[in-house]
Amino acid sequence: MPHARCSHQHLSDSQLVMAYLAGEAAAFTEIVTRHGVRLLWVARRYGRNEHDAHDILQEALLRASQNLHTFRREAKLSTWLHRLVANSGYDFAHHRHLREVATLDDDRVPRDADTRLAYDPVGGVDTRLALQAALARVRPDQAAALVLIDAAGYSVAHVAALEGVSPGTVKSRRARAKVALREALGPAEE
């Protein structure tokens, strides 16, 4: 159905939301096409593998389709979708014990030899804590530029529009944040 995609490509995000709420399912397809790559990037931060990331994204998109009527247009749609993916990722990461793992029923692989069943509750905690503490010492506007671009995958132009500043200001903040983060982490963490 390429014709439906073409008819929605020219619409703004706000117009796509209105079209979807009016019953045009193809409008949501355009929303996913437009924002899916960045949202998958965000989902990858929470999953242990590509399958987890796709599950997280799928859950977030299901929530988006069911709750698009709650989207307030004073925020950007991309920001709202990003938050849904982050929330789904958080739920996924912190409620693993509630999910069924099919490999538990597979007797072909001994449980002690299956690395997929290994659980390391403290793996990487030291690094995450050090990074979190170091990032807390960076100015908030600089930290936001660094996190939004390098962790969330947004473009400089998008962050500039989001923050209401010029792209040059965002680049400067990001560069200063990197320097401050390196200093805060010290030579041992580099």
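What counts, and at which threshold
Residues numbered from 1 in each chain as written. Predicted model: local features only at pLDDT ≥ 70, side-chain atom pairs only at ≥ 80, totals over all residues. Heavy atoms only, no water. Core = buried A, V, L, I, M, F, W, Y, C linked by side-chain atoms within 4.5 Å. Buried < 20%, exposed > 50% of the residue type's maximum accessible area, 1.4 Å probe, protein only. Helix = DSSP H or I, 4+ residues; strand = E, 2+ residues; numbered from the N terminus. Contact = heavy atoms within 4.5 Å. Axes fitted to C-alpha atoms, helices over the stretch in contact; angles between N-to-C directions. Parallel < 35°, antiparallel > 145°, perpendicular 65-115°, else oblique. Left-handed = near helix turned anticlockwise from the far one by under 90°. Nonpolar A, V, L, I, M, F, W, Y, C, P; charged D, E, K, R; others polar. Arc of directions from axis to C-beta. pLDDT = per-residue confidence, 0-100. Salt bridge = Lys/Arg side-chain N within 4 Å of Asp/Glu carboxyl O.

For the rest of this paragraph, the subject is the nonpolar core. Of all hydrophobic cores here, the largest spans 25 residues; its most connected members are Ile31, Leu57, Leu68, Leu77, Trp80, Leu81 and Val85. Contributions of two or more residues to this core are made by α2 (13-21), α3 (25-44), α4 (50-67) and α5 (77-94). Beyond its immediate stretch of four places on either side in the chain, leucine 57 contacts Gly36, Leu39, Leu40, Ala43 and Val85. Counting residues in each nonpolar core, the second largest holds nine residues, with Ala152, Tyr154, Val156 and Val159 among its members.

Right, let's talk about the packing of α3 against α5 for a bit. At a minimum axis separation of 10 Å, α3 and α5 run at an interaxial angle of 40°. Relative to α5, the element α3 lies oblique. As for the relative orientation of α3 and α5, their crossing is right-handed in sense. Here Ile31, His35, Leu39, Val42 and Ala43 of α3 lie close against α5, whose contacting residues are Leu77, Ser78, Leu81, His82, Val85 and Ala86. Among the residues making up the contact of α3 with α5, the classes are represented as eight nonpolar, three polar and no charged.

We now examine the side chain of histidine 82. With respect to the secondary-structure elements, histidine 82 resides in helix α5. Not counting chain neighbours up to four residues away, the residues in contact with histidine 82 comprise Leu39, Val42, Arg45, Ala152 and Tyr154.

What follows covers α2. Along an α-helix, residues three or four positions apart point the same way, because every turn accommodates 3.6 residues. Turning to α2, its buried residues are Leu16, Val17 and Ala19. End-on, the buried residues of α2 take up no more than an arc of 165°, which puts them together on one face. Positive phi appears at glycine 23, one or two residues downstream of α2, with a value of about 110°.

Attention now moves to the confidence of the model for the protein chain. Looking at the protein chain as a whole, the pLDDT averages 82, with 80% of positions reaching at least 70. At the low end of the mean pLDDT range in the protein chain sits helix α1 (residues 2-9), at 61; at the high end sits α3, at 93.

Between side chains of opposite charge, a pair can form as their charged atoms come close. Following the criterion strictly, the structure yields eight salt bridges and no others. Arginine 34 is the salt-bridge partner of aspartate 13, the closest N and O atoms lying 2.9 Å from each other. Of this pair, aspartate 13 sits in helix α2 while arginine 34 sits in helix α3; the two residues are 21 residues apart in sequence, bridging distant segments of the chain. Exposure remark for arginine 34: the relative accessible area of 31% places this residue in the partly exposed category. One salt bridge connects aspartate 141 with arginine 173, and the closest N-O pair in it is separated by 3.2 Å. Taken together, the positions of aspartate 141 in helix α7 (residues 140-151) and arginine 173 in helix α9 (residues 167-189) put the pair 32 residues apart, joining distant regions of the chain. A cluster of three or more residues bridged by salt bridges with shared partners is formed by Asp13, Glu30 and Arg34.

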